[in-house]
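# Descriptive analysis of the structure
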Amino acid sequence: MKHTINIELYVLCFNEQKMIRHTLNYYSKFCSKIVIIDNQSTDDSIELASKYEHVEFRYLDSDNEFVEDKLRETRNNCWKGSVADYVIVCDMDEFLYDENLMEKLTLAKQRNIVMPMIVGYNMINDNFPLDYDSLITTQIKFGKRSNWFDKNIIFDPKKVKEINFSPGSHQCYPVFYENTITDELLELKLLHYKYLGREYLYKKHKDYVNRMSAISKEKKHGYEYLDGEKHIDNVFDSSNYITKIIN
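Quantities reported herein were computed from a predicted structural model and do not represent experimental measurements.

What counts and how
- Residues numbered from 1 in each chain as written.
- Predicted model: local features only at pLDDT ≥ 70, side-chain atom pairs only at ≥ 80, totals over all residues.
- Heavy atoms only, no water.
- 1 Å grid on protein atoms, 1.4 Å probe; cavity = no way out; pocket = protein on both sides within 12 Å on 5 of 7 lines; lining within 4 Å.
- Points joined across faces, edges and corners; volume = space filled by probe spheres on them.
- Helix = DSSP H or I, 4+ residues; strand = E, 2+ residues; numbered from the N terminus.
- Nonpolar A, V, L, I, M, F, W, Y, C, P; charged D, E, K, R; others polar.
- Pairing = 2+ DSSP bridges.
- Contact = heavy atoms within 4.5 Å.
- Axes fitted to C-alpha atoms, helices over the stretch in contact; angles between N-to-C directions.
- Parallel < 35°, antiparallel > 145°, perpendicular 65-115°, else oblique.
- Left-handed = near helix turned anticlockwise from the far one by under 90°.
- Expected span 1.5 Å × (residues − 1).
- Buried < 20%, exposed > 50% of the residue type's maximum accessible area, 1.4 Å probe, protein only.
- Salt bridge = Lys/Arg side-chain N within 4 Å of Asp/Glu carboxyl O.

## Brief notes about the layout of surface pockets
- By volume, the largest pocket is sized at about 790 Å³.
- Taken together, 39 residues form the lining of the largest pocket, with Asp91, His170, Lys194, Glu224 and Tyr225 sitting closest to its centre.
- Looking at the lining of the largest pocket, the elements that each hand over two or more residues are β1 (7–13), α3 (68–77), β6 (117–125), β11 (187–196), α6 (198–211), α8 (223–226) and α9 (229–237).
- Considering only residue class, the lining of the largest pocket consists of 15 nonpolar, 12 polar and 12 charged.
- Volume-wise, the second largest pocket comes out at about 280 Å³.
- Taken together, 13 residues form the lining of the second largest pocket, with Asn15, Lys18, Asp43, Lys203 and Asp207 sitting closest to its centre.
- For the lining of the second largest pocket, a count of residues per class yields 4 nonpolar, 2 polar and 7 charged.

Next up, the structure:
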């Protein structure tokens with residue numbers, strides 16, 4: 001099947017110097033444009049990303065705080081005006097995946113599917129992968145089914161008027177320019193590459209808590225960050241039940 005499909009990525013970033021190369025190595029394989037929306041990173045994220053082609057930068061000023069309401073507003077609007085066949089709007093550790101991804105997206109376009117179905121997984125590994133010469137999807141293949149990550153991160157921007165993501169984009173309430181078409185037989189995986197070593201997560205969550213705004217704490221946005229190491233340990237302690245997600 002010939003691929004004549006245009007896909008754009010819109011991805012949020014805050015201090016992702018360890019993950020950003022994995023993300024860009026993966027998405028640059030099939031995205032014609034990658035827009036990184038940086039929320040005042042203080043590490044080497046932007047410097048690392050600037051070495052990639054077809055990458056654009058936008059900047060979100062949240063007064064150096066984690067403010068989920070501002071992040072949600074960004075997700076709800078950053079893609080508007082795109083004329084791509086599909087846009088992907090996600091966080092740095094979220095990977096849209098299928099063994100035949102381009103074939104499926106080409107088929108989705110031919111069927112006029114506005115929002116492909118998404119099946120989510122938490123990918124789990126004891127250590128963070130530091131090999132940036134191989135795709136992360138070839139290095140870490142085990143995880144757990146998570147309906148919390150059945151997130152509609154991909155859609156046709158020309159047919160969606162408003163996406164209306166909830167906090168964290170775990171749900172959305174879209175408004176369409178015309179009737180939406182989905183196909184339950186055409187599913188794509190969303191691989192959440194977050195639980196990649198306890199120490200990596202301890203630091204990441206601590207950084208978010210230290211930066212969390214009062215309003216985000218009040219609304220319990222990012223509740224898993226506020227749970228501290230307990231939440232992380234619970235995930236890893238249950239990792240005996242992980243299965244092979246990628247063949």
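## Notes on the sheet that holds strand β4 (residues 86–91)
- Within the open sheet, the 5 strands sit side by side as β3-β2-β1-β4-β8. Their pairing is mixed. On the outer flanks of this sheet lie β3 (55–59) and β8 (154–155), each paired with one strand and no other.
- The pairing of strand β2 (residues 33–38) with β3 spans 5 bridges and is classified as parallel. Looking across to β3, one finds that Ile36 is bridged to Phe57.
- Sitting on the sheet, α3 touches β1, β2 and β4, and the angle it makes with β1 is about 170 degrees.
- In the packing of helix α4 (residues 101–110) onto the sheet, the strands contacted are β1, β4 and β8, and the crossing angle to β4 comes to about 125 degrees.

## Some words on the packing of α6 against α9
- Contact geometry for α6 and α9: axes closest at 10 Å, N-to-C directions at 155 degrees. Between α6 and α9, the crossing angle belongs to the class labelled roughly antiparallel. You can see that α6 and α9 cross each other, and the crossing is right-handed. Residue-level contacts link Arg198, Leu201, Tyr202 and His205 of α6 to Glu229, His231, Ile232, Asp233, Phe236 and Asp237 of α9.
- Residues belonging to the contact of α6 with α9 are distributed by class as follows: 4 nonpolar, 2 polar and 4 charged.

## Describing α6
- Helix length check: α6 (14 residues) gives 20 Å between terminal C-alpha atoms against 20 Å at 1.5 Å per residue, within 8%.
- Where α6 is buried, its residues touch β11, α8 and α9.

## Examining the pairing of β4
- A large share of β4 lies buried, amounting to 5 of its 6 residues.
- Judged from the 6 bridges that link them, β1 and β4 form a sheet pairing that is parallel. Looking at β4, one finds that Val11 is bridged to Cys90.

## Details of the pattern of salt bridges
- Using the criterion set out here, one finds 16 salt bridges in the structure.
- Between Glu99 and Lys189 there is a salt bridge, with its nearest N and O atoms 3.8 Å apart. With a gap of 90 residues between them, Glu99 in the loop between β5 (94–97) and α4 and Lys189 in strand β11 connect regions that are remote in the sequence.
- Classification of Lys189 as buried rests on a relative accessible area of 17%.
- Salt bridges sharing partners connect three or more residues here, namely Glu68, Arg75 and Asp91.

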